[in-house]
Amino acid sequence: MSTLVEKIKAIEDEMARTQKNKATSAHLGMLKAKLAKFKRELITPKSGGGGAGEGFDVAKTGDARIGFVGFPSVGKSTLLSNLAGVYSEVAAYEFTTLTTVPGVIRYKGAKIQLLDLPGIIEGAKDGKGRGRQVIAVARTCKLIFIVLDVLKPLGDKAIIEKELEGFGIRLNKKPPNITFRRKEKGGINLTCVVPQSELDLAAVKNILSEYRISNADIILKEESTCDDLIDIIEGNRVYIPCIYVLNKIDQISIEELDIIYRIPHCVPLSAHHRWNFDDLLEKMWDYLNLTRIYTKPKGQLPDFTAPVVLKEGDTTVEAFCNNLHKSILKDLKYALVWGKSVKYQPQRVGKEHILEDEDIVQIIKKH
């Protein structure tokens, strides 16, 4: 393990020493590709090791999963127990929570699982502490809450972001708009739809040579960096929205609070005094981007108590049917929809129709 960590350290040192300019960009790209490969080897455990960490394999329940990530003793457990009424051991010393503690809240009809992950320490991505298992669970979340102490937020924020980035988690980012296609022969073809300042053919070839790829088509559809291209080649990156929860605001002044409110993706609150929880829940709902669909049995009023919750990106009538039961789709003749997604109330639609939040759907079966 130490040799890999040493190799990573050596590359990071060389990158820090190298001046950034047009002449060195191809060399830096190659170093970044090497770094990404070593990091992947470091975090992909070799087969045949010990079993999974006790308490980390938490069953997925509910419509979405949110992970609380942060340093020890910033108030994650207090926040979880006050939000969900779950008892996660709370004390004033570091490393109180040693395994994942799940809790569930109901919000706007959706069932949301909250995971209190053990405190992340610096160097988790190098296999220190339980960090590797913690971040493996964080990768499966739909949203991440990074809980920070309001008195020392920036240093902690930078360290946690670096740890998560090292594990292939990209926070509040969209996947790069790059098409990458391997082929049998024909060399490397680079097409730039928009002008590029960092990536040129030499830099791309250098990065690809590190992965032993000598035949590929690459189309850059937006201004891209070496890191973007490496993310696409590696292919194991997850893009997760993130909210920074600044806890312990009872220890700062109103003027400081006003400044904090201007920071994007941030919610200041006090877990101990339960201040500003409603703001956090509202922002959480926006970032989860869930779609609630109400069912309407024939000849009855719609059931507004238990909506069917669909994930972002797949809100068709087909997804709605599969969510209820796999056999419904076979018998579907058409669906009647009331709501924002249709022009007429109700309107007949097929299985490809895309539903919107709080639509009402009635399934009409074939006879």
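Rules used throughout
Every chain is numbered independently, its residues counted from 1 as its sequence is written. Residues qualify for local features only when their pLDDT is at least 70, as the model is predicted, and side-chain atom pairs are given and counted only at 80 or more; totals for whole chains, interfaces and linings, by contrast, use all residues. The side-chain figures draw on all heavy atoms in the structure; neither hydrogens nor water molecules are used. Each helix is a run of H or I in the DSSP string that is no shorter than four residues. Each strand is a run of E no shorter than two, and both are numbered from the N terminus. Accessible area is worked out with a 1.4 Å probe on protein chains only. A residue is then buried under 20% of its type maximum, exposed over 50%, and partly exposed in between. Contacts were defined at the residue level, with two residues in contact if any of their heavy atoms lie within 4.5 Å. In this scheme, strands are said to pair when DSSP sees at least two bridges between them. Only the stretch in contact is used when a helix axis is fitted, and all axes are lines through C-alpha atoms; the angle between N-to-C directions ranges over 0 to 180 degrees. Residue-level confidence of the predictor is summarised by pLDDT, bounded by 0 at the bottom and 100 at the top. The arc in question is traced by the directions running from the helix axis to the C-beta atoms. Should an angle fall under 35 degrees it is taken as roughly parallel, and over 145 as roughly antiparallel, whereas 65 to 115 is taken as roughly perpendicular and any remaining angle as oblique. When residues are grouped by polarity, Ala, Val, Leu, Ile, Met, Phe, Trp, Tyr, Cys and Pro land in nonpolar, Asp, Glu, Lys and Arg in charged, and all others, Gly among them, in polar. We define a salt bridge as a side-chain nitrogen of Lys or Arg found within 4 Å of a carboxyl oxygen belonging to Asp or Glu. Here, the term disulfide refers to a pair of cysteine sulfur atoms separated by no more than 2.5 Å.

Engineer: Account for the overall build of the chain, naming residues and giving values.
Structural biologist: Each helix and strand in the chain was counted, giving eleven helices and 16 strands. Burial statistics for the chain: of 367 residues in total, 47% are counted as buried. Partitioning the intrachain contacts of the chain with sequence separation of at least 6 by distance along the chain shows that 66% fall at a separation of at least 24.

Engineer: Tell me about the sheet that holds strand E13 (residues 303–310), residues and numbers included.
Structural biologist: Hydrogen bonds between backbone atoms are what pair the strands of a sheet, whose relative direction is either parallel or antiparallel. Within the open sheet, the five strands sit side by side as E13-E12-E16-E14-E15. Their pairing is mixed. Both outer strands of the open sheet, E13 and strand E15 (347–349), are each paired with one neighbouring strand and no more. The mean angle between the axes of side-by-side strands here comes to 40°, regardless of whether they run parallel or antiparallel. When strand E12 (residues 291–295) meets E13, the two strands line up antiparallel, connected through four bridges. Its bridge partner lying in E13, Thr-295 is registered against Asp-303. Along the sheet, helix H10 (residues 317–324) makes contact with E12, E13, strand E14 (332–338), E15 and strand E16 (359–365), crossing E13 at roughly 110°.

Engineer: Give a detailed account of the confidence of the model for the chain, specifying residues and quantitative values.
Structural biologist: Across the chain, pLDDT averages 77, with 84% of residues at or above 70. Counted against residues more than four places away or in other chains, residues 47–55, with its pLDDT under 50, gives seven contacts. This stretch, residues 86–98, has a pLDDT under 50; its non-local contacts, to residues over four places away or in other chains, come to 31 contacts.

Engineer: Break down the environment of Ala-271 for me, citing the residues and quoting the values.
Structural biologist: Relative to the assigned elements, Ala-271 resides in the loop between strand E11 (266–268) and helix H9 (277–288). Note on Ala-271: relative accessible area 0%, which makes it buried. A C-alpha to C-alpha distance of 7.0 Å links Ala-271 and Asn-82, two positions 189 residues apart in sequence. When near neighbours in sequence (up to four residues on either side) are disregarded, Ala-271 contacts Gly-75, Thr-78, Leu-79, Asn-82, Asn-247 and Phe-277.

Engineer: How would you explain helix H6 (residues 201–210) if you had to name every residue and give the values?
Structural biologist: Within the sequence span of H6, burial applies to Ala-203, Val-204, Ile-207, Leu-208 and Glu-210. Taken end-on, H6 shows its buried residues confined to a sector of 155°, consistent with a single buried face. A positive backbone phi angle near 55° is found at Arg-212, which sits one or two residues after H6.

Engineer: Tell me about the packing of helix H3 (residues 76–84) against H9, and please be specific about residues and values.
Structural biologist: Put simply, H3 and H9 touch, their axes get as near as 12 Å, and they point 85° apart. The angle between the axes of H3 and H9 places the two elements in the roughly perpendicular class. Here Leu-79, Asn-82 and Leu-83 of H3 lie close against H9, whose contacting residues are Phe-277, Leu-280 and Leu-281. Across the contact of H3 with H9, the residue classes tally to five nonpolar, one polar and no charged.

Engineer: Before we move on, could you go through the pattern of salt bridges and cite the residues and values that matter?
Structural biologist: Enumeration according to the criterion identifies eleven salt bridges in this entry. When the shortest N-O distance is used, the salt bridge between Glu-161 and Lys-157 registers 3.4 Å. Of this pair, Glu-161 and Lys-157 both sit in helix H5 (residues 153–166), separated by four residues, roughly a single helical turn. Residue class for Glu-161 comes out partly exposed when judged on its relative accessible area of 22%. The network of salt bridges with shared partners includes Glu-165, Arg-170, Lys-173, Asp-231 and Arg-237.

Engineer: Now, about the sheet that holds strand E8 (residues 216–220): what can you tell me, with residues and values included?
Structural biologist: With mixed pairing, three strands are arranged side by side in an open sheet as E6-E8-E7. Of all the strands in the sheet, the pair left with one neighbour each is strand E6 (178–182) and strand E7 (188–192). Along the sheet, successive strands turn relative to each other by an average axial angle of 5°, direction set aside. Sheet strands in contact with H6 are E6, E7 and E8, and its direction is about 135° off that of E7. Set on the sheet, helix H7 (residues 226–234) makes contact with E6 and E8; between it and E6 the angle comes to about 45°.

Engineer: Now, about the state of the cysteines: what can you tell me, with residues and values included?
Structural biologist: Taken as a whole and assessed by the stated rule, the structure comprises zero disulfides. Counting only cysteine sulfurs, Cys-242 is the nearest neighbor of Cys-266, a cysteine outside any disulfide, at a range of 8.8 Å. Residue classification places Cys-266 among the buried positions, given a relative accessible area of 7%.

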